[in-house]
Amino acid sequence: MEVKFRLAARHDDRARTAVQIGPVTVGRGDLVIMAGPCAVEDYDHTLAAALALKEYGVHVFRGGAFKPRTSPYSFQGLGKEGLEILAAVRDATGLPVVTEVLDTRDVELVCRYADVIQIGSRNMHNYALLREAGRARKPVLLKRGLAATLEEWLLAAEYILAEGNDRVILCERGIRTFETHTRNTLDVAAIAAARSLSHLPVIADPSHAAGRRDLVAPLALAAVAAGADGVMVEVHPCPGEALCDGDQSLDPTAFARLVPLLRQVALARNGLTAPWDAGPVDPAARGIG
Ligand code: PEP
Ligand code: MN
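Residues numbered from 1 in each chain as written. Chains lettered and ligands numbered in written order. Predicted model: local features only at pLDDT ≥ 70, side-chain atom pairs only at ≥ 80, totals over all residues. Heavy atoms only, no water.

A.B. asks: Before we go on, may I ask you to explain the site of ligand 1 in this structure?
C.D. replies: Taken together, 13 residues lie around ligand 1, and R62, K67, S121, K143 and R173 are the ones closest in. Burial of ligand 1 by the protein amounts to 97% of the accessible area it has alone, namely 300 Å². Of the residues contributing to the shell around ligand 1, the split by class is two nonpolar, four polar and seven charged. (Near = heavy atom within 4 Å. Areas by Shrake-Rupley, 256 points an atom, 1.4 Å probe, with all protein chains shown as cover. Nonpolar A, V, L, I, M, F, W, Y, C, P; charged D, E, K, R; others polar.)

The following block contains the structure:
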């Protein structure tokens with residue numbers, strides 16, 4: 001394993017990596033909550049959503065400007081205009097923003113506006129994009145490919161690290177299985193396994209795993225119990241009208257109910273010394289919800 005993951009592998013004598021996103025640190029014991037709509041739709045709704053989410057304790061605002069849609073006829077995102085909206089919302093709220101980059105040609109552009117660049121599930125195997133993100137001077141949120149093994153996911157991270165960018169956050173977002181009652185199957189074991197194999201922070205996206213809003217809360221709680229350093233949840237002010245992924249989006253009220261539960265689970269979890277995760281985490285960070 002060590003030979004395969006030269007840079008991503010965890011070493012017992014070294015501290016875990018913590019990734020700084022503005023005032024927020026991912027991977028130091030505090031549960032980091034990222035939330036926002038699947039796609040940026042317009043300034044007013046995006047700002048209203050971000051202001052509400054900030055009230056609920058969200059640390060990082062999410063929203064797609066470049067959307068990787070299964071159908072070319074579906075809403076593809078606002079592109080550069082979406083990035084401008086995100087940056088304006090960041091300026092108005094103080095919340096750092098994460099957004100996806102789909103194309104190597106847009107990495108520089110996205111980096112101009114975003115605090116974190118996301119490489120989505122469909123692009124986890126896009127090695128040119130991984131390399132370009134590795135040369136970017138921004139943290140990278142790397143989603144697990146929807147049919148990628150844990151090893152392939154860590155090797156994708158290795159591409160980014162090998163280019164000199166050590167600010168990588170792994171994100172488990174569900175994988176394809178024979179099961180169809182959820183959009184994907186959240187691989188809870190992979191959250192614990194990735195944290196055990198790698199020093200990189202690991203977060204979970206229960207929304208794209210579930211594909212349906214009634215299962216987002218239980219999956220998010222399970223992810224935190226399994227050791228996730230954070231969660232990323234899709235929230236839309238009016239899910240029924242969302243241009244993308246409305247079925248899996250929580251409305252702000254449901255999300256507000258979830259946040260204190262997530263914190264309670266994180267607090268309980270941080271109070272445990274998990275034998276499978278007994279690495280050199282900063283002891284001061286333990287016990288912080
Ligand atoms: C997203 O976060 O909006 C997204 C498209 O996620 P994934 O790449 O996990 O499907
Ligand atoms: Mn989505």
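Now that the structure has been shown, we can carry on.
A.B. asks: Looking at this structure, I do not really get the environment of R122. What am I missing?
C.D. replies: Relative to the assigned elements, R122 resides in the loop between β6 (116-119) and α4 (127-135). A relative accessible area of 43% places R122 in the partly exposed class. Sequence separation between R122 and A148 is 26 residues; the distance between their C-alpha atoms is 10.0 Å. When near neighbours in sequence (up to four residues on either side) are disregarded, R122 contacts P68, T70, L146, R173 and R183. (Helix = DSSP H or I, 4+ residues; strand = E, 2+ residues; numbered from the N terminus. Buried < 20%, exposed > 50% of the residue type's maximum accessible area, 1.4 Å probe, protein only. Contact = heavy atoms within 4.5 Å.)

A.B. asks: Explanation requested: the pattern of salt bridges in the structure shown.
C.D. replies: Any two side chains of opposite charge can pair if their charged atoms end up close together. One pass over the full model with this rule turns up 15 salt bridges. In this structure, the salt-bridge partner of R90 is D91, at a minimum N-O distance of 3.4 Å. Here D205 and K143 are joined by a salt bridge, their closest N and O atoms 2.6 Å apart. Here K143 lies in strand β7 (residues 140-143) and D205 lies in the loop between β9 (202-204) and α7 (206-210), a separation of 62 residues in the sequence. (Salt bridge = Lys/Arg side-chain N within 4 Å of Asp/Glu carboxyl O.)

A.B. asks: Is there a simple way to think about the packing of helix α5 (residues 150-162) against helix α6 (residues 188-197) in this case?
C.D. replies: Helix packing geometry: the angle between the two helix axes and the distance between the axes. Closest axis-to-axis distance for the α5/α6 pair is 11 Å, and the angle between their directions is 50 degrees. By the angle between their directions, the pair α5 and α6 is classed as oblique. Viewed along their axes, α5 and α6 form a crossing whose handedness is right-handed. Two secondary-structure elements touch here, α5 through L150, W153 and L154 and α6 through A190, A193, A194 and L197. For the contact of α5 with α6, the residue count by class is seven nonpolar, no polar and no charged. (Axes fitted to C-alpha atoms, helices over the stretch in contact; angles between N-to-C directions. Parallel < 35°, antiparallel > 145°, perpendicular 65-115°, else oblique. Left-handed = near helix turned anticlockwise from the far one by under 90°.)

A.B. asks: Whenever I open this one, the nonpolar core confuses me. Can you help?
C.D. replies: Among soluble globular proteins, nonpolar side chains are generally buried collectively. Core analysis: the largest hydrophobic core is formed by 42 residues, its most contacted members being I117, L142, W153 and L170. Per-element tally for this core: the top contributor is α5, with seven residues. Residue contacts for I117: discarding those within four places in its chain leaves T99, V101, V107, V110, C111, A133, A136, P139, V140 and L141. Counting residues in each nonpolar core, the second largest holds 28 residues, with A49, V97, F255 and V259 among its members. (Core = buried A, V, L, I, M, F, W, Y, C linked by side-chain atoms within 4.5 Å.)

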